[in-house]
Amino acid sequence: MNDQKPENIRFPFAQVIVLRPAPGLFTYSVPEKLQAVAMPGVRVVVPFGKRAVIGVVAQLSETADMETKPIQDVLDESPVITAQMLDLIRWTADYYFAPPGEVAALALPRTEARLVAEVELLAMPEKEGKSKGHLALVALEKKGGKRKLHLLAKDIGVTSGEMKKILSGPNVRPYVALRQTGSLKSKPSVVEPGSEPPQVEAVTLNAEQSAAVEMMAPSVDHGGFGVTLLHGVTGSGKTEVYAALAARALALGKSVIVLAPEIAIADMLARRLTRRLGREALLLHSGLTVKERTERWIAARNMAPALVVGARSAVFAPVLGLGLIIVDEEHDPTYKQSETPRYNGRDVAIKRGQIENVPVALGAATPSMESYRNAREGKYRLARLTARSDGRRMPEVEVVAAEKGEQGLGQVLRDEIALRLEAGEQALLFLNRRGTARVVECRRCGHLFQCKNCELCLVNHADQRKIRCHTCGYEEPSPDRCPECDGAELREGGVGTKKIEEEIRELFPNARTERLDRDTAAKRTEPGRILAGMEEGVVDVLVGTQMVTKGHDYAGITLVGMVSADDSLNTPDFRSSERTFQQITQAAGRAGRGEKAGRVVILSRNPEHHSVQAAASHDYEKFYEREAPLREALNYPPFCRMAMIRVEAASVKRGEEFIAGAEPMLRRMERENPGLVRLGPVDAVVFRVKNRYRWKILFKAKNPGMLAKGLWRFVNEAEKITSGPTGRVRLTVDVDPVDVM
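Residues numbered from 1 in each chain as written. Predicted model: local features only at pLDDT ≥ 70, side-chain atom pairs only at ≥ 80, totals over all residues. Heavy atoms only, no water.

### Quick look at the overall build of the protein
At step 1: A tally of helices and strands in the protein yields 19 helices and 30 strands.
At step 2: Relative to a compact globule of 741 residues, whose C-alpha radius of gyration would be 27 Å, the protein shows 29 Å and is just as compact.
At step 3: Considered along the principal axes of its C-alpha atoms, the protein spans approximately 95 × 70 × 60 Å.
At step 4: Taken across its 741 residues, the protein has 54% of its residues classed as buried.
At step 5: Pairs at least 24 apart in sequence give 75% of the contacts found in the protein among residues at least 6 apart.
At step 6: Surface exposure of the protein reaches about 33,400 Å², of which carbon and sulfur atoms provide 49%. (Helix = DSSP H or I, 4+ residues; strand = E, 2+ residues; numbered from the N terminus. Rg over C-alpha atoms; globule rule 2.2 N^0.38 Å. Buried < 20%, exposed > 50% of the residue type's maximum accessible area, 1.4 Å probe, protein only. Contact = heavy atoms within 4.5 Å. Areas by Shrake-Rupley, 256 points an atom, 1.4 Å probe, with all protein chains shown as cover.)

### Focus: the packing of aromatic side chains
At step 1: In the structure shown here, the tally under the stated rule is 16 aromatic pairs.
At step 2: Consider the rings of Phe574 and Tyr636, whose centres lie 4.7 Å apart with planes at 10 degrees: the pair is stacked. Here Phe574, found in the loop between strand E25 (557-562) and helix H15 (576-588), pairs with Tyr636, found in the loop between helix H17 (620-634) and strand E27 (641-649); they are 62 residues apart in sequence, far enough to count as distant. For the residue pair Phe574 and Tyr636, the accessibility class agrees, reading buried in each case.
At step 3: Centre to centre, the rings of Phe581 and Tyr620 are 5.8 Å apart; their planes meet at 65 degrees, and the pair counts as edge-to-face. Here Tyr620 lies in helix H17 and Phe581 lies in helix H15, a separation of 39 residues in the sequence.
At step 4: Site record: aromatic cluster; members linked through ring pairs are Tyr372, Phe581, Tyr620, Phe623 and Tyr624. (Phe/Tyr/Trp six-rings, centres within 6.5 Å; stacked < 30°, edge-to-face > 60°.)

### Notes on the sheet that holds strand E20 (residues 466-468)
At step 1: The 3 strands lie next to each other as E19-E20-E21, forming an open sheet whose pairing is antiparallel. On the outer flanks of this sheet lie strand E19 (459-461) and strand E21 (475-477), each paired with one strand and no other. On average, adjacent strands in this sheet sit at an angle of 30 degrees to one another, irrespective of strand direction.
At step 2: Two strands pair when backbone bridges link them, and E20 and E21 are joined in this way by 3 bridges, in the antiparallel orientation. Its bridge partner being in E21, Ile467 is matched across the sheet by Glu476. (Pairing = 2+ DSSP bridges. Axes fitted to C-alpha atoms, helices over the stretch in contact; angles between N-to-C directions.)

### Some words on the environment of Asp540
At step 1: With respect to the helices and strands, Asp540 occurs in the loop between helix H14 (526-536) and strand E24 (541-544).
At step 2: Sequence separation of Asp540 and Leu283 is 257 residues, and the distance between their C-alpha atoms is 30 Å.
At step 3: If near-sequence neighbours (up to four positions away) are discounted, Asp540 is found in contact with Leu421, Glu425, Gln426, Ala427, Asn510, Ala511 and Arg512.

### Description of a negative patch on the surface
At step 1: On the surface, a cluster of negative charge is made up of Glu455, Glu656, Glu657 and Asp683.
At step 2: Residue position: Glu455 is located in the loop between strand E18 (439-442) and E19.
At step 3: On the accessibility criterion, Glu455 (39% relative accessible area) is partly exposed. (Patch = residues over 30% accessible without salt bridge, like charges linked within 9 Å, V, L, I, M, F, W, Y side chains within 5 Å. Salt bridge = Lys/Arg side-chain N within 4 Å of Asp/Glu carboxyl O. Lys, Arg positive; Asp, Glu negative; His and termini not counted. Charge placed at Lys NZ, Arg CZ, Asp CG, Glu CD.)

### Remarks on the packing of helix H11 (residues 369-376) against H17
At step 1: Between H11 and H17, whose axes approach to 12 Å, the crossing angle comes to 100 degrees. Considered as vectors, H11 and H17 are oriented roughly perpendicular to each other. Here Met369, Tyr372, Arg373 and Arg376 of H11 lie close against H17, whose contacting residues are Tyr620, Glu621, Phe623, Tyr624, Glu625, Glu627, Ala628 and Arg631.
At step 2: A breakdown of the residues in the contact of H11 with H17 according to their chemical character gives 6 nonpolar, no polar and 6 charged. (Parallel < 35°, antiparallel > 145°, perpendicular 65-115°, else oblique. Nonpolar A, V, L, I, M, F, W, Y, C, P; charged D, E, K, R; others polar.)

### Let's talk about unusual backbone geometry
At step 1: Here the bond from Ala304 into Pro305 is cis, since omega is -5 degrees, no more than 30 degrees from zero.
At step 2: Cis geometry marks the peptide bond from Gly680 to Pro681; its omega dihedral reads 15 degrees.
At step 3: Position of Pro681 among the secondary structure elements: in strand E28 (residues 677-689).
At step 4: Look at Asn357: it is not a glycine, yet its phi comes out positive at around 60 degrees.
At step 5: What makes Asn357 partly exposed here is its relative accessible area of 43%.
At step 6: Non-glycine residue His618 carries a positive phi angle of around 55 degrees.
At step 7: Summarising the element assignment, His618 is placed in the loop between helix H16 (610-616) and H17.
At step 8: The class for His618 is partly exposed, based on a relative accessible area of 24%.

Fair warning: the whole summary comes from geometry, so function is off the table for now.
This is the structure:
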């Protein structure tokens, strides 16, 4: 590994990434006895404030321009993070304005290294005694003068808390030293391969699939960074291309990372690749227990070569000899983390490919406009899969204009469901809202039942007899009367997945109906059970949110119905048209994947909108050609780079005081940075969330360097305001936001 330094060179100082939400690197001196083992990529124990913490050595130096404290201990015999991964961590932290320690934590298991309290005997008192304190000193002497605190407590039959009190007593304190030290799990179990390799399913690629593989083959074989956008219609066999490329890399002894936008899709991809490649794929995602994640992190680091499949954070998998990165459904907004560090897994994957000089494949039926523009301009290569891999036709699509005030399925969709059930076929109904009703309103006075903490309507969950906020989790019993006028005539507005499920069960009582949304998926085993039922044909109708529209391939689905398909057009976000097109296209793609033809019914309130019409004709080019000029005219991505700063305050007054103080600074920043455009500050669309008030400021620039320069200037100057009399204001920076509401 190229992280290690020559044995004859000793560096007295180290820059350390502390695994805490602290900005920048911290400089420590390296004691002479540790200089032989302190190298980039090893974990160390360092003093941080009044306590000890674990960190990772990022780099070494011969000098320091400040007073330093010494590293207390080195935990690893050799680096656990490679030089390339350290580069990726630091780039991610810089680009997304995130603490390096929070990024580094994504690349490390949480429990494999930990801090423990250790007691050291300094001397024995002259007088003997029978107190617990003296017994502890005797026990410590018998163990060689050093003992973990919890083990010493066990030796004399007390709790760790009692042991601390004993050691701090006046008769014991002069004779011991208590310090924090690092500890590694001695022999952690690892994921073992199955006793027999999986049966390989042979697949013959068609001409378009073979061409896509050959386009990337030289980079896989010989190395070399480059990005290829695999644009294939739904059902075109992108997974077969992934499998062929992965097989090629693995045969050459190179590791492969495959990313999926959600855990359920990652699990499905892992099973498919296991069948295609005849080797177990290693799953990495946040749904694993801490123990499972640690075991698989160790397995990924030790496998040669490794095949890792996972959700967003798997981009930091510690594989060695990386040869290929694949990002499935590259357009999906779930690749962007919604809390710090606010990184985009797709873009970090591209950067990792660049750092490690390996090819990256991005796959999608509905590419992001950013990726597609890069492909059109030659920054990415473009491989197209224009037809379904089995030669079957794309499903027939009918757009039905929803009647004014109409809620629920509508007559056309009811008739179509009846036909499918009569024929023994399956139907999928998509609605991107869960619950029974989205609003509850008093007919007499117009009172809306809203969250006490957020400026949002409470969603009715009739089966639980509760109305709930889907943002903060606040809930209260479903109302019988209006609290304002005591009226009993309450109206439910809008529908959710639960309401559609109830309508199906009422209309078709003999149909085997299931619902898959965040509510039902809260139980860990439910998604697998429901989707297995679809695959085995024991579910007739599946109602769900967007989690049912991505990646799933069930031959029995001949009807897809979309209720309120274009609701997303009403969101005040420049990506609303793109999201609408993507959701409709992805959902429609689930129909007609078996021997029988598929049909799609779209219930729309905007049937003539270009995103709806383009999705109905399965025509991405048509959508792009209409949408791109609108974005360019308004200078929105992909024609600029964008960042959003969110201002949050505990009161409106404090937030407005901050904004007033920041305005001169914002004007000066615009004058000094020509080409940097600022929009706002303005109230966020949802102004109050979790009892905090929110404003947003958008920054746009032609290139990321100009954008970063302006952001750093603003954030550094704004800290003077947030720490002053208008304090208790929190700023969050979101670079390349996927949601600007």
